[in-house]
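Descriptive analysis of the structure
Below, each chain spelled out in residue letters.
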Amino acid sequence: MESSENKAARGEFRALWHGFADMGAVTANGPFTLVRGDGALVYDDSGREYLDATGGLWFANVGHGRREIADAVAGQLGTLAHYSNFGDITSDITSRLADRLAALAPVPGSRVFFTSGGSDSVDTAAKLARRYWNAVGRPEKRTLVGRRRGYHGMHVAGTALAGIPVNHEGYGELMPDAHSIEWDDAKALLQLIEERGADTIAAFFCEPIIGAGGVYAPPEGYLAEVRRICRDNDILFVADEVVTGFGRIGGEWFASSRWDLEPDLMTTAKGLTSGYVPMGAVFVAPRVAEPFYAGGTWFWHGYTYGGHAGAAAAAMANLDIVEREGLLAESARLEGTLAQALAPLADHPRVETVRSGVGAVAAVQLADPAEAPGFVLDLRRHGVSGRAAGQGALQISPSFVMTDEQVQELARRFAAALG
């Protein structure tokens, strides 16, 4: 099979505009084209094999190449591909998935609002938080609060809430009444409440583990404290579990369960289908759902492909695999294995630190963040498909099916790429 580099040299592969990319460099060098995946491995268009360090983009929880999911989607598409879920309409598979997810929810009795992905889920939660306070007669509660280093997708609300400065550049003010506070200091939330007044703040958005901002675990006691502050001040607590949901934080379906957060709203996506088909879901606790289920109050919001029947079939098959193969326990195994295997990399002069030990996630923080893009290419030359996240951090978020032997090989290849 001809490589993408040769095709790029002839001027092919120029139409696709990649996200988060210097398109001048992509055009000059050609794309990195993947054609196949199998478990924790992916293969490029020249047939070369790579360890998939990032699980696609945090999402390939059950691994690549699962024919069972593909067959489930094909069967559903051949019966009823999709129908809108607006008004009183649904499909059987979508309703069954909602009930199955509600049974897994950190807050019993939660309702499930389907979206097309993580960014949709965050914007849905942002709108619903404000709409809820309006519905209960407190429309002045509009301010939405995020954290520095936080990432909440790339729609308008999520970009405004996030604390990654480069993602804000060139857009102007995206959303009034959106604020970011320090990511690791609960007192920063208290200070904002004192400055603006609790009666103006609708919701606090919190990733249990910061993902795209560089993979940062919460300081000891931080999550419990901000959750208490939100309760004491009648502020909705929104757990952004687009990355952490569906097993990424070993041993539990959700990080909210591990840390007993009882979120008012919880945003999810990626691991819901393991990326086989785009889908997201917002879990809505009974308190927030009640005004809308009492009758007469509408949430004027929805997506054409929210609750897509084919995506629901993928999610059902994906959850079957997680349960049948005990992949929550495998994620817990990776929590320890990644920490042990990657720890020696912290001694390399090019590495500032290694962050690991909470869930099937880790980051190798380079001492010079400017080296990160080049290091991603070095990893490829050593048979690793990787990605930079945050300021010079190399993201590690493998599929739960990655073996301990593959983790050790991943660490060896990282060391070789470091030189």
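Residues numbered from 1 in each chain as written. Predicted model: local features only at pLDDT ≥ 70, side-chain atom pairs only at ≥ 80, totals over all residues. Heavy atoms only, no water.

So the rule is basically this: UniProt positions are given in the numbering used here, feature names are shortened, and annotations may be inferred rather than shown by experiment.
The name an unreviewed UniProt entry assigns to the chain is Aspartate aminotransferase family protein, from the organism Rhodococcus rhodnii. The UniProt entry for the chain carries the following comment under Sequence similarities (unreviewed entry): "Belongs to the class-III pyridoxal-phosphate-dependent aminotransferase family."

**Topic: helix α5 (residues 92-104)**
The cut-off we apply is this: Per the convention used, a helix needs a DSSP run of H or I reaching at least four residues, while a strand needs a run of E reaching at least two, with both numbered from the N terminus. Take the number of residues in a helix, subtract one, and multiply by 1.5 Å to get its expected span. A contact between two residues is defined here by any heavy atoms of the two lying within 4.5 Å.
Taking 1.5 Å per residue as the helical rise, α5 with its 13 residues ought to reach 18 Å, and the 19 Å between its terminal C-alpha atoms agrees with that figure. On its buried face, α5 is in contact with α4 (67-77), β4 (111-115), β10 (280-284) and α12 (309-324).

**A word on the pairing of strand β12 (residues 362-366)**
Inclusion rule: Think of it in three bands: residues with accessible area under 20% of the maximum for their type are buried, residues over 50% are exposed, and the middle band is partly exposed, with areas taken using a 1.4 Å probe on protein chains only. The rule for pairing is simple: two strands pair if DSSP sees at least two bridges between them.
Counted residue by residue, β12 has five buried out of five residues, so it is predominantly covered. Across the two faces of β12 the burial is the same, with Ala362, Val364 and Leu366 and Ala363 and Gln365 all buried. Pairing between strand β11 (residues 351-355) and β12: four bridges, direction antiparallel. Across the sheet, the residue bridging to Arg355 is Ala363, located in β12. Between the end of β11 and the start of β12, which pair antiparallel, lie six residues, with Gly357 showing a positive phi angle near 100°. Here four bridges tie β12 to strand β15 (residues 393-396), and the two strands are oriented antiparallel to one another. Residue pairing across strands places Ala363 opposite Gln395, the latter belonging to β15.

**Describing a nonpolar patch on the surface**
Selection criterion: Candidate patch residues must exceed 30% relative accessible area and have no salt bridge, after which like charges are joined if within 9 Å and Val, Leu, Ile, Met, Phe, Trp or Tyr side chains if within 5 Å. For the accessible areas, the method is Shrake-Rupley and the probe is 1.4 Å, while residue cover comes only from the protein chains on display. Between Lys or Arg on one side and Asp or Glu on the other, a salt bridge is scored when a side-chain nitrogen of the former is within 4 Å of a carboxyl oxygen of the latter.
A surface patch of nonpolar side chains, amounting to about 270 Å² of accessible area, comprises Leu80, Tyr83 and Ile89. Within the secondary structure, Ile89 is located in the loop between α4 and α5. Of the residues examined, Ile89 reaches a relative accessible area of 36% and is grouped as partly exposed.

**What about the sheet that holds strand β5 (residues 143-147)?**
The following threshold applies: Here, axes are lines fitted to C-alpha atoms. For helices the fit covers the stretch in contact, and angles between N-to-C directions go from 0 to 180 degrees.
Read from one edge of the open sheet, seven strands run β4-β10-β9-β8-β7-β5-β6, paired in mixed fashion. Either end of the sheet is taken by a strand with one partner, and the two such strands are β4 and β6 (178-181). For this sheet the average axis-to-axis angle between neighbouring strands, irrespective of direction, equals 20°. In the sheet, β5 pairs with β6 via four bridges, with the strands oriented parallel. Bridging from a neighbouring strand, Val145 pairs with His179 of β6. Relative to strand β9 (residues 265-268), helix α6 (residues 118-135) is tilted by about 165°, and along the sheet it contacts β4, β5, β7 (201-206), β8 (236-240), β9 and β10. Its contacts with the sheet place helix α8 (residues 186-196) against β5, β6 and β7, and it is angled at close to 145° to β6.

**With respect to the state of the cysteines**
For clarity, the cut-off: Cysteine sulfur atoms that come within 2.5 Å of each other are treated as a disulfide pair.
If you walk through the whole model with that rule in mind, you get zero disulfides. Sulfur of Cys230: no disulfide; nearest cysteine sulfur belongs to Cys206 and is 8.4 Å away. Judged by relative accessible area, which is 1%, Cys230 ranks as buried.

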